[in-house]
Amino acid sequence: MSSPAAPDPSRRAVLATGTALSGALLTTGLTSHAAAADHPEAAPAGDPWRTVLDDADLVWQRMPTAWHEGPFLGNGFLGSGIYAEPGAASTAVRFNVQHSEVQDHRPEFGSLFGLARLPIGYFTLEPVGAITGLDWRLSLRHAELTGTLTTDQGTLSLRALVHNDRSVLAVEVTADEGERGFRWVFHPADAISPRAAFKPLPDGYRGNPPAQLADHDGITAAVQPLLAGGQHVTAWRERTRGRTRTLYAHVAHSYPGTTALARALKEVRRAEQLPYSALAVDHRAWWHTYYRKSFLSLPDARIQRFYWIQLYKAASAARRDAPVMATSGPWLEPTPWPNTWWNLNVQLEYWLVHGSNHLELDAVTRALSEFRDNLTQETPAPYRTDSLGIPRTTDPQLVNGAASTLMGYGVGIPGQDPPTPEVGNLTWALHNVWLSYRHTMDTSVLREVLFPLLRKAVNYYLHFLEPGPDGRLHLPATFSPEYGGDSRDCNYDLMLLTWGCRTLLDSAELLGVKDPLAPRWREVLAKRVPYPTDANGFMIGADIPFAESHRHYSHLLAVYPLYEVTGRTPEERALIERSLAHWVGFEGALQGYTFTGAASMSALLGKGEDALGYLGELMARFIRPNTMYQESGPVIETPLSAAQSLHDMVCQSWGGVIRVFPALPAAWKDLAVHGFRTQGAFLLSAVREGGATRWVRLVSEAGAPCVVRHGIAGPIEVRDGRGRPLRHEDAGDGTVRIAVREGESALITARGDRPDLTVAPVRPNEAAPRWGLPRT
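Residues numbered from 1 in each chain as written. Predicted model: local features only at pLDDT ≥ 70, side-chain atom pairs only at ≥ 80, totals over all residues. Heavy atoms only, no water.

**What about the overall build of the protein chain?**
Phase 1: When helices and strands are counted, the protein chain shows 18 helices and 34 strands.
Phase 2: Here the protein chain has a C-alpha radius of gyration of 26 Å; the compact-globule value for 776 residues is 28 Å, and the two agree.
Phase 3: Dimensions of the protein chain, computed from the C-alpha atoms along their principal axes, are close to 80 × 70 × 45 Å.
Phase 4: Sorting the 776 residues of the protein chain into buried and exposed places 63% on the buried side.
Phase 5: The contacts of the protein chain with a sequence gap of at least 6 include a subset with a gap of at least 24, amounting to 69%.
Phase 6: A total of about 26,100 Å² of accessible surface is found on the protein chain, and carbon and sulfur atoms cover 51% of it.
Phase 7: Taking the average place of the 74 positive charges on the side chains of the protein chain and the average place of its 81 negative ones, the gap between the two points comes to 4 Å. (Helix = DSSP H or I, 4+ residues; strand = E, 2+ residues; numbered from the N terminus. Rg over C-alpha atoms; globule rule 2.2 N^0.38 Å. Buried < 20%, exposed > 50% of the residue type's maximum accessible area, 1.4 Å probe, protein only. Contact = heavy atoms within 4.5 Å. Areas by Shrake-Rupley, 256 points an atom, 1.4 Å probe, with all protein chains shown as cover. Lys, Arg positive; Asp, Glu negative; His and termini not counted. Charge placed at Lys NZ, Arg CZ, Asp CG, Glu CD.)

**Overview of empty space enclosed by the protein**
Phase 1: Under the counting rule described, the total for this entry stands at 5 cavities of 30 Å³ or more.
Phase 2: Together, 13 residues line the largest cavity, and Trp67, Ser328, Trp331, Met628 and Pro634 are the ones closest to its centre. (1 Å grid on protein atoms, 1.4 Å probe; cavity = no way out; pocket = protein on both sides within 12 Å on 5 of 7 lines; lining within 4 Å. Points joined across faces, edges and corners; volume = space filled by probe spheres on them.)

**Considering the pairing of strand β3 (residues 78-84)**
Phase 1: Among the 7 residues of β3, 7 are classified as buried, and the element is accordingly described as predominantly covered.
Phase 2: Examined bridge by bridge, strand β2 (residues 72-74) and β3 share 3 bridges and lie antiparallel to one another. Across the sheet, the residue bridging to Leu73 is Ser80, located in β3.
Phase 3: Between the antiparallel neighbours β2 and β3 lie 3 residues, among them Gly76 with a positive phi of about 90 degrees.
Phase 4: Alignment of β3 against strand β4 (residues 93-99), held across 5 bridges, turns out to be antiparallel. Bridging from a neighbouring strand, Leu78 pairs with His99 of β4. (Pairing = 2+ DSSP bridges.)

**Re the packing of helix α11 (residues 425-440) against helix α12 (residues 443-462)**
Phase 1: Two numbers describe how α11 lies on α12: the axes approach to 10 Å, and their chain directions differ by 160 degrees. It follows that α11 is roughly antiparallel to α12 by the angle criterion. Regarding α11 and α12, the two cross each other, and that crossing is left-handed. Residues Leu426, Thr427, Leu430, Val433, Trp434 and Tyr437 of α11 form the contact with α12, whose own contacting residues are Thr443, Val445, Leu446, Val449, Leu450, Leu453, Leu454, Ala457 and Tyr461.
Phase 2: Broken down by class, the residue content of the contact of α11 with α12 amounts to 13 nonpolar, 2 polar and no charged. (Axes fitted to C-alpha atoms, helices over the stretch in contact; angles between N-to-C directions. Parallel < 35°, antiparallel > 145°, perpendicular 65-115°, else oblique. Left-handed = near helix turned anticlockwise from the far one by under 90°. Nonpolar A, V, L, I, M, F, W, Y, C, P; charged D, E, K, R; others polar.)

**Some remarks on the packing of α12 against helix α14 (residues 518-527)**
Phase 1: Taken N-terminus to C-terminus, the directions of α12 and α14 make an angle of 60 degrees; their axes are 12 Å apart at the nearest point. Judged by the inter-axis angle, α12 sits oblique to α14. As for how α12 packs across α14, the hand of that crossing is left-handed. From α12, Phe451, Arg455, Val458 and Leu462 reach across to α14, where they touch Arg520, Trp521 and Val524.
Phase 2: A per-class count over the contact of α12 with α14 returns 5 nonpolar, no polar and 2 charged.

Honestly, that's just the spatial picture; any functional story needs more than this.
Here is the structure:
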């Protein structure tokens, strides 16, 4: 909770430069004496990751019947969801095969039809007998599915993975005598936009021709030609070794050329030379290293398991060099949203990568930089020389193509409709880039990506910002996602414009840039109209009150995630509380991410009980058995953003102050965190015992100013990595400024206390069912 008694450092100091991101994580002293959870392999002493990961494994003792119930595998590119074949649950199991790069290339039909992600197809595992039972486990630690499938004729034992580097789906099946005749069958999907099942087809649009199956020296390939040129190819082969048969499958996409076939065949030939166990070695090694970059344990067993599943899901769906996640991640299913959405989904999908110390998953910064020229073409023509915007929907190259409410939503023009004047999405996406900079202090991100793109995004607003009779600067009517209707002085845009101008000024000072637009940015901050409010709190805009149920918090961005309005005064705090209560008080249109946003806003106010309550509502009402989430189709952002809500309860670092355990509910008396990445490029470790914070340790990667609200009662000591006293200054209200240099650490304890610095999993308050479909 913010307090006026603890002054924040200047934003100039907050943005002070540092070194680039280091992949290393200080793990000294991180051990565990906790026993293994109910898992066949006992975790060795001293390995807390194995303890929490094995405990979080999903299990199935009942057959999953849909994508939101079953196991899922992926590596950011290739994805497979596993569940019973619809209409044939007793005779076949579906292994869906989808790929985040596979899309159409007909921009004349827009991002939702002509550039949409295309379904590929699926394998069915078809036993000899009728399926009578199963016992599966999805190992998070190994990123593998293992278990048995029982039929009235025998048993199939299986292991499956999507290989981290080779992008191969490998499924090893060992059959007993009665099931030796099981078979695999591939079913190509119709290569048509999934939106066709929900919306009418644009005039002239038709599906791509059927896939062509052929044998290539023992490898079967389904070649899908595309009307626009190019192809995608699924190639597979089954190898028999003794009683074990292993399926190897790879997907490749090429446009405009037809090189995908040769690449797919090559990858299958490479993979099939290795038995499954050998193939799994480097796959498992990558995942083991991945998890060890951070650690979190809390006493709610169900939520702790959910958190670690989201880290698994994030690395299954995202990589820096993979396409920015579409709404369903790599696991494409029937959906009206078959591409990438930029007015909330992308932003929420990637927030968790910062605190969890997984910047290797940040595709947003890379994509916005790599495809910035495409954004120029998506910006309305009269403004392309000095402005940028991003459409509501794009393909992975940030192209929307033809824009309409049917085919895709382009960048609108303030004061005009059509097209819908939704103009703030690029600025909001760049806030994610800013978070990546702040958590690494890598000035190359600031100089090469954030500053030049944000300058043009803000410049788009400046073309329309005009003084009114009151002497204030006003915006013409724009659109607040997804409330409906256009409003002058729309809060979505005013809040993003304010953050953008402030960040540009701070960044220019840091980079030593004397920008001719700086006076205009200062003028905006000094003269822009106040955010429109009424008796219920923040309005949608000057013309539209918040008066009906609405899932999106576009009118509240200054509160979260921008932290421009934080409750520094009693009046400001009351405004936030009033706005939050009014927003969530309308039932009807609320969806899952409503409750993750409400949880994070409650955490900002220090209300841990409220935050936990909102997450409880999310879990009870929206999260499915495998932790996936759906509305009309799969949407991946909500569970991932729930992990960020947990981060906001455990640690906040906005405004240059690191707040340790700022919003924990009373029941969470014990908690352990390690390697948590904060703004300023610090790695935080801390332990709470019996309702009190015992110790806090920060490792500085960049030498940025270190201001910590540690939460330790009474007098404290601050020592460096060698146990020597470290210079620090009391800033009041439990906040301390510490002189900690790059590469050094600071340990904060109560005066005279010498706690055990071991970080171990905490004991759960009560038992909880596993995720998946355990036996009821």
